[in-house]
Amino acid sequence: MPSTLSFIGGGNMARSLIGGLIARGWEANQIVVADPVASQLDLLKGQYGVRTAKDNAEATQSADILILAIKPQEMRTVTQQLSAILKAKSPLIISVAAGIRASDIQRWAAGVPVVRCMPNRPALQGCGMTALYATADVDTNGRRTSEQILGAVGSTLWLDQESHMDAVTAVSGSGPAYFFLLIEMMEQAGIQLGLSPEISRKLATETAYGSGLMARDASESPATLRQQVTSKGGTTEAALRHLEACDVRKIFTDALTAAAQRSAQLATEFGSN
Ligand SMILES: NC(=O)c1ccc[n+]([C@@H]2O[C@H](COP(=O)([O-])OP(=O)(O)OC[C@H]3O[C@@H](n4cnc5c(N)ncnc54)[C@H](OP(=O)(O)O)[C@@H]3O)[C@@H](O)[C@H]2O)c1
């Protein structure tokens, strides 16, 4: 375990990571947070007993690992402002900012090693999915620690090519929204079929939850699970036939392609070309 883990930005993602780390035995006094909003810091201090810093420079001074949990558009300014301290201290940087390339962060941050992560919203519930990518100078210990930190809020996996981050963003980063849309549409359809909104929502959300658990834990592929619940001539088959006839697979492929393209665009907007 590193002696000090500092967060730049104490918002939603920082809060869920801190909660996960403390639940896994990290000491509150190992964690330092900087955020311009005093109430944000008070909340984290009150809830978890973490240390707070008066500014980003103070948090960086004490960091063995520096987690950048700020919005993508803040990344360049913040890391450039800290570059002298980063050069002197050389902590490992872990960035959770969507769309910002590790090579850009490394260039702004005086060349220190960088792990870029793409978590997703369910991390706030402790069941996120995070893909990680490390620059070549991150050592085994840095990789292991990054995995432990993001592992505190769900599952992790490593990418060996940063270019895959756009596809990751399309599948798991933006993915929760697709499932929320599906739940929303199933709820709406249930209401149109005569159910009350409460009953329809419960049926849709619990079905999503149970199906997600099954798909995660089963040894069979999702395609096999689907076949197993689709009897010939039955109700499920009637629904799936209709979806296939409407080209639902192409619709999803096109939608995820749009998300991946937007992710690549964002990297260019906020970083280098
Ligand atoms: N939440 C998610 O589901 C999710 C999923 C994947 C990736 N991420 C990534 O995680 C990062 C953080 O997201 P979030 O949801 O935690 O956002 P958030 O709740 O807005 O937290 C960001 C925090 O950073 C603070 N901040 C702004 N400028 C700062 C500065 N110069 N120095 C220090 N702190 C500063 C913000 O204060 P103000 O409120 O005053 O601006 C805010 O408290 C983003 O880059 C996002 O792409 C989030």
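Notes on the structure follow. On a predicted model such as this, the values are computed, not experimentally measured, just so you know.

Here we come to the pattern of salt bridges. According to the stated counting rule, one finds 12 salt bridges in the structure shown. Glu-162 serves as the salt-bridge partner of Arg-116, at 2.8 Å between the closest nitrogen and oxygen. Of this pair, Arg-116 sits in strand E6 (residues 114-118) while Glu-162 sits in the loop between strand E8 (154-158) and helix H8 (165-173), and the two are 46 residues apart along the sequence. The same class applies to Arg-116 as to Glu-162, namely buried. Put simply, Arg-249 and Glu-244 hold a salt bridge, and the shortest N to O gap is 2.9 Å. Sharing partners across several salt bridges, the network here consists of Lys-54, Asp-55 and Glu-58.

To continue, consider the packing of H8 against helix H13 (residues 248-270). For the pair H8 and H13, the least separation of the axes is 8 Å and the interaxial angle reads 130°. Compared by their axis directions, H8 and H13 come out oblique. Judged by the sense of rotation from one axis to the other, the crossing of H8 with H13 is right-handed. For the pair formed by H8 and H13, the contact residues are Met-165, Asp-166, Ala-167, Thr-169, Ala-170 and Val-171 on the first element and Leu-256, Ala-259, Ala-260, Ser-263 and Ala-264 on the second. Taken together, the residues that form the contact of H8 with H13 break down as 8 nonpolar, 2 polar and 1 charged.

Criteria and cut-off values
- Residues numbered from 1 in each chain as written.
- Predicted model: local features only at pLDDT ≥ 70, side-chain atom pairs only at ≥ 80, totals over all residues.
- Heavy atoms only, no water.
- Salt bridge = Lys/Arg side-chain N within 4 Å of Asp/Glu carboxyl O.
- Helix = DSSP H or I, 4+ residues; strand = E, 2+ residues; numbered from the N terminus.
- Buried < 20%, exposed > 50% of the residue type's maximum accessible area, 1.4 Å probe, protein only.
- Axes fitted to C-alpha atoms, helices over the stretch in contact; angles between N-to-C directions.
- Parallel < 35°, antiparallel > 145°, perpendicular 65-115°, else oblique.
- Left-handed = near helix turned anticlockwise from the far one by under 90°.
- Contact = heavy atoms within 4.5 Å.
- Nonpolar A, V, L, I, M, F, W, Y, C, P; charged D, E, K, R; others polar.

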